[in-house]
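Observations on chain architecture
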Amino acid sequence: MTIQQSGNLPAVAHGDGWPTTAASLAVGAAFFGLWFWVLPPWLGFRVETAGAANLRWLAALPSVLGFAVALRCVWDFGRTGRGTPAPVAPPQRLVVVGFYRYLRNPMYVGFAAGWIGLWVTFGRANAAAIAAVVAVALSIHLFELFYEEPTLRGKFGADYEEYCRNVDRWWPHMRGWDKPHQ
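Described below are features of the structure shown in this document. (Residues numbered from 1 in each chain as written. Predicted model: local features only at pLDDT ≥ 70, side-chain atom pairs only at ≥ 80, totals over all residues. Heavy atoms only, no water.)

Let us look at the packing of aromatic side chains. Enumeration over the complete set of coordinates arrives at 7 aromatic pairs. Each ring, one from Phe-77 and one from Tyr-100, has its centre 5.7 Å from the other, and the planes form 40°; the classification is tilted. On the criterion of sequence distance, the pair formed by Phe-77 in helix H3 (residues 60–79) and Tyr-100 in the loop between H3 and helix H4 (106–122) is long-range, its members being 23 residues apart. The residues Phe-77 and Tyr-100 share a single accessibility class, namely buried. Taken together, the ring pairs connect Phe-67, Phe-111 and Trp-115 into an aromatic cluster. (Phe/Tyr/Trp six-rings, centres within 6.5 Å; stacked < 30°, edge-to-face > 60°. Helix = DSSP H or I, 4+ residues; strand = E, 2+ residues; numbered from the N terminus. Buried < 20%, exposed > 50% of the residue type's maximum accessible area, 1.4 Å probe, protein only.)

Quick look at helix H5 (residues 127–166) now. Over its 40 residues, H5 extends only 37 Å from the first C-alpha to the last, a length that falls short of the 58 Å expected when each residue adds 1.5 Å. The largest bend along H5 reaches roughly 125° and is located at Phe-156. (Expected span 1.5 Å × (residues − 1). Bend = angle between axes of the 7 residues up to and from the residue.)

Turning our attention to the nonpolar core. Formed by 22 residues in total, the largest nonpolar core has its most connected members in Leu-94, Tyr-100, Met-107, Phe-111, Tyr-160 and Tyr-163. Put simply, the parts of the chain that give this core at least two residues each are H3, H4 and H5. Considering each element in turn, this core owes the most residues, 6 residues, to H3. (Core = buried A, V, L, I, M, F, W, Y, C linked by side-chain atoms within 4.5 Å.)

This next bit is on the pattern of salt bridges. Under the defined criterion, the tally for this structure stands at 6 salt bridges. Of the charged contacts in the structure, one is a salt bridge between Arg-153 and Glu-149, with a shortest N-O distance of 3.8 Å. In this pair, Arg-153 and Glu-149 both sit in helix H5, 4 residues apart, roughly one turn of the helix. What makes Arg-153 partly exposed here is its relative accessible area of 31%. Taken together, the shared-partner salt bridges connect Arg-104, Glu-149, Arg-153, Glu-161 and Arg-169 into one network. (Salt bridge = Lys/Arg side-chain N within 4 Å of Asp/Glu carboxyl O.)

Glancing now at H4. Given 3.6 residues per turn, any residue in an α-helix points the same way as the ones three and four places further on. In this model H4 runs 24 Å from its N-terminal to its C-terminal C-alpha over 17 residues, within 8% of the 24 Å that 1.5 Å per residue would give. Along H4, the residues classified as buried are Pro-106, Met-107, Gly-110, Phe-111, Gly-114, Trp-115, Gly-117, Leu-118, Trp-119, Thr-121 and Phe-122. Looking one or two places after H4, you find Gly-123, whose phi comes out positive at around 60°.

All quantities given are derived from atomic positions and should not be read as evidence of function.
Quick look at the structure:
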C-alpha cells in the first residue's frame with residue numbers, strides 16, 4: 001500500500017480505493033462507449049481502403065495514443081482522486097499524478113487527439129463538421145474556464161492555485177511537475 005500526500009490534504013492509502021476506481025472506470029467506459037458507438041455513425045465515418053486512403057491508417061496511431069491518455073486519466077480520477085470524470089461524482093482529491101503532472105487537461109487533449117486521428121482515418125471532414133468541432137472545442141474551453149477551474153479553486157484552494165502556477169491548461173511541459181514535499 002502506498003501513501004499519497006498532497007499539500008494540506010491528508011495522506012491517501014492507495015490500497016483501499018478500489019470501489020471508487022471501479023466507479024471511475026465504469027463512468028469512463030460509458031463515456032468511451034458514447035464516443036465510439038454513437039458519434040461515428042452520426043458523423044458519417046466510414047472506412048475507405050483504396051488508393052491514398054491507405055495512408056490514413058497512419059492517423060490511427062495518434063488516435064490510439066490519445067484515447068490511451070484519456071483512459072489513464074480516467075484511471076487516475078478513480079485511483080488517486082477517489083471520484084469519476086462526471087461532475088456529479090467528481091474526484092475528492094486533487095489529481096496531480098500521471099499526465100496531470102504535464103498538463104491540467106490531459107483527458108480533453110487525449111480525446112481531441114483520438115478524435116482528430118479517427119477523423120483523418122475515416123476521412124469525413126466537411127465545413128459543417130469542422131464548424132461543429134470548433135464549437136465543441138470552444139464550449140469545452142469555456143466550461144473549463146467558468147465551471148471546472150472555479151469549482152476546483154473552491155474545493156482545493158491553495159493546492160489548486162499552486163498547481164495552476166506550475167502546470168499549463170492546454171500546452172504540456174516536457175518535464176512533469178512534482179509538488180514539493182512540505
